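# Report on the structure
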Amino acid sequence: MKYAKEKLLLLSFGVLAGLLLAEVVLRLSGISYPCFYRHDLSCGSMLRAGVTGNWLKEGGGYVSINSDGLRDREHAIVKPRNTLRIAVLGDSFTEAFQVDREDAFWAVMERELGTCKKLTGKNVEAINFGQSGFGTAMELLALRHRVWKYSPDIVLLAFFTGNDISDNSRMLKKADHHPYFVYQGETLVLDNKGVTEAHDRYAGWWNDIRIWIFNRSRALQLLDIGSTTLAEWFGRIPTDAADAKDDLLEPGLAEAIYRPPSDAVWKEAWRVTEGLLLVMRDEVREGGAEFRVIILGNSVVVHPDPSIRKKFERRLDVEDLFYPDRRIKRFCEREGIPVLPL
């Protein structure tokens with residue numbers, strides 16, 4: 001019995017020493033996979049305030065979440081005098097975990113506008129409200145619940161044609177824990193049932209403690225990412241890549257975005273998306289700010305090899321890949337929304 005206890009004690013000491021050694025090596029190597037997100041009743045999800053780490057799943061940006069849950073530096077709530085403040089809404093392109101903060105497009109925009117002669121004497125401040133997984137519905141909720149306290153002069157929506165339309169449809173996104181807007185007659189109404197149910201499942205002190213420990217242990221983070229990767233390899237966890245027929249289609253996107261909608265689900269997704277743009281336009285104007293839209297391209301659209309783009313067009317039997325860009329541009333121009341397709 002005494003011998004068994006000694007073996008158990010020795011084994012426990014060995015495991016603890018191994019974990020401590022792994023922590024040191026991982027920290028010196030800059031390897032971390034913290035949990036950046038948490039459930040949020042107002043928008044479905046939110047970035048965890050104060051979490052930092054290198055984003056190694058794609059790219060290699062150093063990520064720091066500020067005290068208000070934004071992937072950005074700290075910003076004063078009260079707008080400083082003589083400042084042009086721009087609130088930027090968007091999805092993972094805007095969140096930009098893949099690059100360091102100073103290389104994100106909104107940070108570059110802030111610096112470049114600071115040299116604009118028409119803005120001489122004004123400070124330019126861009127605040128990043130972008131978050132991965134957001135569609136227009138969640139961006140509207142972010143506008144309502146997170147943006148207005150900063151008193152922006154301009155609200156800039158970075159519209160990603162790749163999946164912003166499908167993200168606004170429960171049937172296309174297939175994520176019940178996200179909020180959606182649905183039409184009741186001619187009125188868009190918030191459907192927040194899934195968000196409330198998810199919050200009830202994951203809220204509580206135990207989950208907070210679990211995440212607190214997880215975000216401070218590089219070894220636990222590595223074990224988690226390793227087990228997830230193995231599960232994906234053996235097909236236990238579906239991946240976006242499984243939906244792509246070949247490497248021409250970016251994982252997480254659907255071919256249907258490149259042509260006019262042909263079924264009721266896609267038609268309704270487009271109708272809801274355009275309705276949300278109008279609601280956002282009106283609420284921004286009522287808030288005393290200016291509303292602007294930029295249209296972002298996706299990987300195949302901006303591929304530097306013309307033959308790759310042509311191959312994709314032939315496979316889809318379309319003349320070009322700009323149907324969603326043209327449709328959003330025409331819609332915005334018709335509804336008095338300044339728009340810039342990129």
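Conventions used here
- Once a new chain begins, its residue numbering starts again from 1 and follows that chain's sequence as written.
- Whole-chain, interface and lining totals are the exception, using all residues; otherwise, since this is a predicted model, local features are given only for residues with pLDDT of at least 70 and side-chain atom pairs are given and counted only at 80 or more.
- Note: side-chain values were computed over all heavy atoms of the structure, leaving out hydrogens and water.
- The convention used is that axes are lines fitted to C-alpha atoms, helices contributing only their stretch in contact, and that angles between N-to-C directions extend from 0 to 180 degrees.
- In this text, helices come from DSSP runs of H or I with a minimum length of four residues, and strands from runs of E with a minimum of two, each type numbered from the N-terminal end.
- For this classification, under 35 degrees means roughly parallel, over 145 means roughly antiparallel, 65 to 115 means roughly perpendicular, and everything else is oblique.
- Should the near helix be turned counterclockwise from the far one by less than a right angle, the crossing is left-handed, whereas a clockwise turn marks it as right-handed.
- The contact definition used throughout considers only heavy atoms, calling two residues in contact when any of these lie within 4.5 Å.
- Like charges are joined within 9 Å and nonpolar side chains (Val, Leu, Ile, Met, Phe, Trp, Tyr) within 5 Å, but only among residues with over 30% relative accessible area and no salt bridge; these make up the patches.
- Note on areas: Shrake-Rupley with a 1.4 Å probe; residue coverage comes only from the protein chains shown.
- Criterion for a salt bridge: a side-chain nitrogen of Lys or Arg within 4 Å of a carboxyl oxygen of Asp or Glu.
- Burial status follows relative accessibility: with a 1.4 Å probe on protein chains alone, a residue under 20% of its type maximum counts as buried, one over 50% as exposed, and anything between as partly exposed.
- Note: two strands are recorded as paired if DSSP finds a minimum of 2 bridges between them.
- Counting of polar contacts relies on pairs of N or O atoms within 3.5 Å, with two restrictions inside protein: one atom must be capable of donating a hydrogen and the other of accepting it, and residues adjacent in sequence are counted only when both atoms are side-chain atoms.
- Each residue receives one of three labels: charged for Asp, Glu, Lys and Arg, nonpolar for Ala, Val, Leu, Ile, Met, Phe, Trp, Tyr, Cys and Pro, and polar for the others, Gly being one of them.
- The reported arc concerns the directions from the helix axis to the C-beta atoms and nothing else.

### Digging into the packing of helix α4 (residues 136-147) against helix α10 (residues 264-286)
Direction vectors running N to C along α4 and α10 enclose 15°, while the axes themselves pass 9 Å from each other. Here α4 lies roughly parallel to α10, going by the angle between them. When you trace α4 past α10, the crossing you get is left-handed. Along its contact with α4, which presents T136, A137, E139, L140, L143 and R144, the element α10 presents T273, L276, L277, V279, M280, E283 and V284.

### Notes on the environment of P152
Along the chain, P152 turns up in the loop between α4 and β7 (154-160). Taking the C-alpha atoms as reference points, P152 and I86, separated by 66 residues in sequence, lie 5.6 Å from one another. Non-local contacts of P152, meaning those with residues more than four positions away in its chain, are made with R85, A87, V147 and A289.

### Section: a nonpolar patch on the surface
Residues W205, W206, I209, W212, I213, L220 and L223 make up a contiguous nonpolar surface patch of roughly 830 Å² in combined accessible area. The set of elements that each furnish at least two residues to the nonpolar patch consists of α8 (205-214) and α9 (218-233). Within the secondary structure layout, L220 lies in helix α9. By relative accessible area, L220 is classed as partly exposed at 39%.

### What to know about the sheet that holds strand β11 (residues 339-341)
Ordered by their spatial adjacency, 5 strands build an open sheet running β6-β5-β7-β10-β11, and the pairing between neighbours is parallel. Either end of the sheet is taken by a strand with one partner, and the two such strands are β6 (123-128) and β11. On average, adjacent strands in this sheet sit at an angle of 20° to one another, irrespective of strand direction. Pairing between β7 and strand β10 (residues 290-296): 7 bridges, direction parallel.

### Topic: the side chain of R281
Relative to the helices and strands, R281 is located in helix α10. Polar contacts involving the side chain of R281 include one to the main-chain carbonyl oxygen of E335, which spans 2.7 Å. With residues near it in sequence (within four places) discarded, R281 still touches F291, E335 and I337.

### Points about the packing of α10 against helix α12 (residues 323-334)
The geometry of α10 relative to α12 is characterised by a closest axis approach of 11 Å and an angle of 40° between their N-to-C directions. In terms of axis orientation, α10 runs oblique to α12. Viewed along their axes, α10 and α12 form a crossing whose handedness is right-handed. Contact residues: W270, E274, L277 and L278 in α10; Y323, P324, R327, I328 and F331 in α12. Here the contact of α10 with α12 is composed, by residue class, of 7 nonpolar, no polar and 2 charged.

### Digging into helix α3 (residues 105-113)
Within the span of α3, buried status applies to W106, A107, M109 and E110. One side of α3 holds all its buried residues, which, seen down the axis, span an arc of 160°. Tucked inside the fold, the buried residues of α3 contact β5 (83-89), α2 (92-95), β6 and β7.

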